[in-house]
Amino acid sequence: MVKKDYYEILGVKKTDSSETIKKSYKKLALKYHPDKAGDDKKKKYEESFKEINEAYSTLSDPEKRKKYDSGESGFSQGSPFSQGSGFEGGDLSDILRDLFRNGSFGSQFSDDDSTSGQDLRYQLEIEFGEAVFGVEKELSINKDIFCESCKGDGSEDKKFEKCDKCGGHGAVKMSQRTPFGLISRTIRCDKCDGVGKTAENKCKRCHGAGILSGKDKVKVKIPAGIDDSQTLRVRHGGNAIKNGAEGDLFLVIRVRPHKIFKREGFDVYMDLPISFAQAALGADISILTLSSEEIKIKIDKGTESGSILRLKGRGIPYLNHPNRRGDQFVNIVVKTPKKLSKSQVKLFEELAKLD
């Protein structure tokens, strides 16, 4: 029987590393998984999927790969599913976990071992100045909170008995038949929530759930220099879970635009309208800074529209480095008057004669 080219099947070269082969296998296994095929392509996908796994079962094992490369017999046919070999060790477990996370085998293999509650995500809108200099906010968050009566364990009197579902182990084994064969996995017991015991008498307030829907006040310190769309993580600000810990709260920052300033990184830009006379003759003009302080800047004689003045260190504090700041840039805009008085017209006509 003709020897199959396992390297070609996996789309790799003979000189490629085991890690490269593994990455290619995972990509192909997800692509050709039979669950992703329509009825018209089901058989083709199944054949490709078995061929891909047959190739990987050989090339992932150093000893088998060495024999295959040397041309020894025994590689012209066979499948890891039927032979029951070639996927020993932790390598396949890692790959299967990746496949399960991608939903290839359904929700029954989802990661259900978490002892932390669900993370929450909120948007928090703040003023431009609050983003620049930082601020502390107190938020009221709708979330699952621990029951005050039972402190989250669901018991009325703190008396417990061994869980009859997991036998006190806190975990149960479940199996699922897949194209790889019968796969077993140990997961958290859903009856005792992984603690191995259940309440003899359920808490009357939460009916044994350990948690209630409520509001939680969370104080958040917004650091100086934070920008729009950046995210803050508040540990244990998320939902509570029975016999576990609270998840985290993720705050997506939204910064309201400023009427004068525009931000670019840690620098700020502003337009400064001036008159023809100020541009031609020069002037000292008061402008606003981020700290709401007014300072005077000098406009040189003959300044043109579009000139940029730089105020060093007047910009936005660097995130986590408040003593270091960006710059403030002032864009000079020479205003063209739309309406002129008779005397102004006469003056401009005199100026035109001098040009």
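Structure: above.
Residues numbered from 1 in each chain as written. Predicted model: local features only at pLDDT ≥ 70, side-chain atom pairs only at ≥ 80, totals over all residues. Heavy atoms only, no water.

Draft legend 1. Quick peek at the layout of surface pockets. In this structure, the largest pocket spans a volume of roughly 350 Å³. The wall of the largest pocket is formed by 13 residues, among which S275, F276, A277, P337 and F348 lie closest to the centre. At the level of secondary structure, the elements contributing two or more residues to the lining of the largest pocket comprise helix 8 (276–281) and helix 9 (342–354). Within this model, the second largest pocket holds a volume of roughly 210 Å³. Forming the walls of the second largest pocket are 16 residues, and the residues nearest its centre are K191, K197, T198, A199 and K242. Those elements that provide at least two residues to the lining of the second largest pocket are strand 3 (160–162) and strand 6 (197–199). (1 Å grid on protein atoms, 1.4 Å probe; cavity = no way out; pocket = protein on both sides within 12 Å on 5 of 7 lines; lining within 4 Å. Points joined across faces, edges and corners; volume = space filled by probe spheres on them. Helix = DSSP H or I, 4+ residues; strand = E, 2+ residues; numbered from the N terminus.)

Draft legend 2. Main features of the sheet that holds strand 1 (residues 120–126). Here three strands make up an open sheet; going across it, the order is 1-9-8 and the pairing mixed. On the outer flanks of this sheet lie strand 1 and strand 8 (231–234), each paired with one strand and no other. When strand polarity is set aside, the average angle formed by the axes of neighbouring strands in this sheet is 30°. Direction of pairing for strand 8 relative to strand 9 (residues 249–255): antiparallel, over a ladder of four bridges. Across the sheet, residue T231 finds its bridge partner in strand 9, namely V252. (Pairing = 2+ DSSP bridges. Axes fitted to C-alpha atoms, helices over the stretch in contact; angles between N-to-C directions.)

Draft legend 3. Representation of the packing of helix 2 (residues 18–31) against helix 3 (residues 42–59) in the model. Two elements in contact, helix 2 and helix 3, have axes separated by 10 Å at closest approach and are oriented at 165°. In terms of their interaxial angle, helix 2 and helix 3 are classed as roughly antiparallel. Note that helix 2 runs across helix 3; the crossing there is left-handed. For the pair formed by helix 2 and helix 3, the contact residues are I21, K22, Y25, L28, A29 and K31 on the first element and Y45, F49, I52, N53, Y56 and L59 on the second. (Parallel < 35°, antiparallel > 145°, perpendicular 65-115°, else oblique. Left-handed = near helix turned anticlockwise from the far one by under 90°. Contact = heavy atoms within 4.5 Å.)

Draft legend 4. Fine view of helix 3. Its 18 residues place the ends of helix 3 26 Å apart at the C-alpha level, agreeing with the 26 Å of an ideal helix rising 1.5 Å per residue. Along helix 3, the residues that are buried comprise Y45, S48, F49, I52, N53, E54, A55, Y56, S57, T58 and L59. (Expected span 1.5 Å × (residues − 1). Buried < 20%, exposed > 50% of the residue type's maximum accessible area, 1.4 Å probe, protein only.)

Draft legend 5. Representation of the state of the cysteines. One pass over the full model with this rule turns up zero disulfides. Residue C163 stays outside any disulfide, its sulfur separated by 3.7 Å from that of C166, the closest cysteine. Using a relative accessible area of 1% as the deciding quantity, one classes C163 as buried. Lacking any disulfide linkage, C166 is separated from the closest cysteine sulfur, that of C192, by 3.7 Å. Overall, C166 belongs to the buried group, its relative accessible area being 7%. (Disulfide = S-S within 2.5 Å.)

Draft legend 6. The environment of L139, seen in detail. Looking at where L139 falls in the secondary structure, it is placed in strand 2 (residues 135–146). Sequence separation of L139 and L124 is 15 residues, and the distance between their C-alpha atoms is 9.2 Å. Here L139 is in contact with L124, D216, K217, V218, V220 and L251, once residues within four sequence places are set aside.

Draft legend 7. Here's a closer look at the packing of helix 3 against helix 4 (residues 62–70). One can describe the packing of helix 3 onto helix 4 by two numbers: an axis separation of 6 Å at closest approach and a directional angle of 100°. By the angle class used here, helix 3 and helix 4 are roughly perpendicular. Contacts between helix 3 and helix 4 involve S57, T58 and L59 on the former and, on the latter, K64, R65 and Y68. For the contact of helix 3 with helix 4, the class distribution of residues is two nonpolar, two polar and two charged. (Nonpolar A, V, L, I, M, F, W, Y, C, P; charged D, E, K, R; others polar.)

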